[in-house]
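The lines below spell out each chain.
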Amino acid sequence: MDVINILKIVGASSTLVVAALCGVIELKKNSKSWINRFFAMFYIALASGFFLYTIYHFIFNHEALVIPIMITGHIFFNFGFICLLISALMISASQRTILNKKYLIPISILYIISFIGYFIWIPVLDMEDYAQGIVNTETPDAWFLFVNLYRVLILIFVIFRFSLLISRATGVFLKQLRFFTIGITLILIALFVNVFGGSIDSIELLLEVLMFVFMDAGMIISLRGFTIHTDLGDSQAPEIAA
């Protein structure tokens, strides 16, 4: 196995552990709150995606398995961002409002759109790298940009919603929102780094390592927003709903 492949596995494995721990901690805080549940699903979905990323980088004897596992991983990633979107909407409005089909149906359609292209513009495995012990997949440029734009726009929307709430919030809720905003901003930076890494071959590995670092930091800091006090719920959000 090539050293580049090993570094990818190490980076993904560390992010997998961080995401899984964040998900478990978040769910244990208050498993009865839908806000906590969706935030936990955000972390756990990312952990699932990085788990599959790690798995397919170990496959060297059955190349036909790489792309299906890779696509499944990205489906989990996109589900995680949808869960984050729902969480942010719940914080700025209320749990009961967002769980209404008026919101859930459009969000579900958005999620389906986010991954259906993987079955139309199917990624391919770079067989030259594969022969050298490096698992490197290539997604058609248009779909690669669309998926990353989908994720980036969700994060920008979440940051925007949190920023609006920060301008009105006070006390503990203000501190929570600041941690959420900083954490999600770092995850947004991680996505931008990932996009550049996919288009600049000469420093792809360095950018991929930076992506893992920003992703880990973002998840930990966003989780901190829940650990400094009691969980967010309907009793808090409506008072400062944007």
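### Let's talk about the overall build of the protein chain
Then, in step 1: Tallying secondary structure elements over the protein chain gives nine helices and two strands in all.
Then, in step 2: When the helices and strands of the protein chain are read in sequence order from the N terminus, they spell out α-α-α-α-α-β-α-β-α-α-α.
Then, in step 3: Across its three principal directions, the C-alpha atoms of the protein chain cover 60 × 35 × 30 Å.
Then, in step 4: Residues classed as buried in the protein chain amount to 50% of the 242 residues present.
Then, in step 5: A fraction of 80% describes how many contacts in the protein chain between residues 6 or more apart in sequence connect residues 24 or more apart.
Then, in step 6: Of the roughly 11400 Å² of accessible surface on the protein chain, a fraction of 70% belongs to carbon and sulfur atoms.

### Remarks on the confidence of the model for the protein chain
Then, in step 1: Here the protein chain averages 85 in pLDDT, and 90% of its residues register 70 or above.
Then, in step 2: Across residues 230-242, confidence stays below pLDDT 50; counting only partners more than four residues off in sequence or on other chains, it has 40 contacts.

Cut-offs applied
- Residues numbered from 1 in each chain as written.
- Predicted model: local features only at pLDDT ≥ 70, side-chain atom pairs only at ≥ 80, totals over all residues.
- Heavy atoms only, no water.
- Helix = DSSP H or I, 4+ residues; strand = E, 2+ residues; numbered from the N terminus.
- Buried < 20%, exposed > 50% of the residue type's maximum accessible area, 1.4 Å probe, protein only.
- Contact = heavy atoms within 4.5 Å.
- Areas by Shrake-Rupley, 256 points an atom, 1.4 Å probe, with all protein chains shown as cover.
- pLDDT = per-residue confidence, 0-100.

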